[in-house]
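Chain by chain, the residues run as shown.
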Amino acid sequence: MLQTESPLVTVDWLHKHLKAKNLVVLDATIPKVAVTSLHNSVGYIPNALFFDIKKKFSNISADFPNTIPTSKQFQSEARELGINSNSCIIVYDSQGIYSSARAWWLFKYFGHTNIAVLDGGLPEWMSKKYATKKEFSSPQAKGDFIADIKEELFTNFSGVNRFSKIEDTLIFDARSFERFRGEVPEPRKGLRSGIIPNSVNLPYTKLLNGHTLKSEEELKSVFETLANNKKRFVFSCGSGITACNLALGASVVGYKNLVVYDGSWTEYGTLTPIPMQTSNWTKDELMAYILLYAAHSDFKENNHERNVIISKVDMQTFQKIHDEFSKDNDFQSIQKILASIEAHKYSTEKIDEILADIKGLFFADSDIDIKEHSMLLFLKRILK
């Protein structure tokens, strides 16, 4: 049976083993941020299956993009692609190395180690004039892949906050220099600029020579320049995609104790408040704003929800806060709520009361839908 011996394989290696019985080739291409088209006019590597990061291998109901799917979802979707426990998986993308490392890291997280990234991806394959197909292949049969989570490979918001305070840990940020320094806005609308405390910048492009990874010697030099003998590396980016490219580069060099921050800056920048004017709300005004924000889980408040909010505060307060809320984007709303909760020094018990009021708001029309349920979980997470 075919086995990978490195996190990375060359296109020559793949071409040689393309007919191996247990080989599975996955195309994990996604559009870059702010690009919507996935059109590929040059074709696909023979026998390639589409690994749909955005729709099938992410939790699409999560608050932030590209969130890790559940074990059940990942196992089911992997089996639908015909992936078995003994499959040798080679993953590539049409950019070279952009999103393929995310698929590689996900499989490692779910316990599959016989997997590698194709160095240079489709551009390198094309440069060798190897044959391509016009369409993706279809799975021949359902696989028997079994997910076995390795929790240490990913971290979350609370985890990255903890890691940022640990002396032997270094956080690498894979975003561009300009985004890291706040010289250009984040590509996602409403997301503030900034950095995770105690992080250093290593744009993922600095690991590349064109569309292939640099040599092991070059990669080692890149990491050693910043690592300062740290024992654990945590990788972040915009939304958890290119952070995995840093994990790939570090793995090729031989580093251990590597962790990817799943939510990355999209989550961290949303959940961490920055100093800003909060309008010095009274507690009633804060309550009105939180309930309005919750009511807009489906982008509008209905009459039942409006009546509940007015029952909590007077009409003048409701109208004042409604006017302010209407002018704020989602990022501003979250930051204002977090800053005011902090300013009023609300206890855990008081926050529980607010969450109960939000739940009551959602049941005002005798039903709570999936968007409202997701909003309740989101507010519970950021307020507590």
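Note that the structure is a prediction, hence the values are computed from the model and not measured. (Residues numbered from 1 in each chain as written. Predicted model: local features only at pLDDT ≥ 70, side-chain atom pairs only at ≥ 80, totals over all residues. Heavy atoms only, no water.)

(A) Just the sheet that holds strand E5 (residues 115–118), in detail. With parallel pairing, the five strands of this open sheet are ordered in space as E1-E5-E4-E2-E3. The sheet terminates laterally at strand E1 (8–9) and strand E3 (48–50), the two strands that pair on one side only. As defined by bridge partners, strand E2 (residues 23–27) adjoins strand E4 (residues 88–92) across five bridges and the pair is classed as parallel. Bridge assignment links Val25 to a residue of E4, and that residue is Ile90. Packing of helix H3 (residues 100–109) onto the sheet brings it into contact with E2, E4 and E5, and relative to E5 it is tilted by some 175°. (Pairing = 2+ DSSP bridges. Helix = DSSP H or I, 4+ residues; strand = E, 2+ residues; numbered from the N terminus. Contact = heavy atoms within 4.5 Å. Axes fitted to C-alpha atoms, helices over the stretch in contact; angles between N-to-C directions.)

(B) Representation of the state of the cysteines. Scanning all chains against the criterion turns up zero disulfides. Cys88 forms no disulfide, and the closest cysteine sulfur to it belongs to Cys244, at a distance of 19 Å. You can call Cys88 buried: its relative accessible area is 0%. Cysteine Cys237 remains unbridged, with the sulfur of Cys244 as its closest cysteine sulfur at 7.0 Å. Judged by relative accessible area, which is 1%, Cys237 ranks as buried. (Disulfide = S-S within 2.5 Å. Buried < 20%, exposed > 50% of the residue type's maximum accessible area, 1.4 Å probe, protein only.)

(C) Just unusual backbone geometry, in detail. At Lys129, a position not held by glycine, the phi torsion is positive, near 60°. Tracing the sequence through the fold places Lys129 in the loop between helix H4 (121–127) and strand E6 (154–155).

(D) Region of the structure containing the pairing of strand E11 (residues 232–236). When you tally the buried positions in E11, you get four out of five residues, the bulk of the element. Strand direction decides the pairing type here: strand E7 (residues 169–173) and E11, joined by five bridges, are parallel. Counterpart to Ile171 in the pairing with E11 is Val234. Alignment of E11 against strand E12 (residues 258–261), held across three bridges, turns out to be parallel. Counted as the bridge partner of Val234 is Val259 from E12. Each parallel crossover has a hand, and for E11 linked through helix H8 (residues 243–253) to E12 it is right-handed. (Right-handed = clockwise from strand over helix to strand, strands pointing away.)

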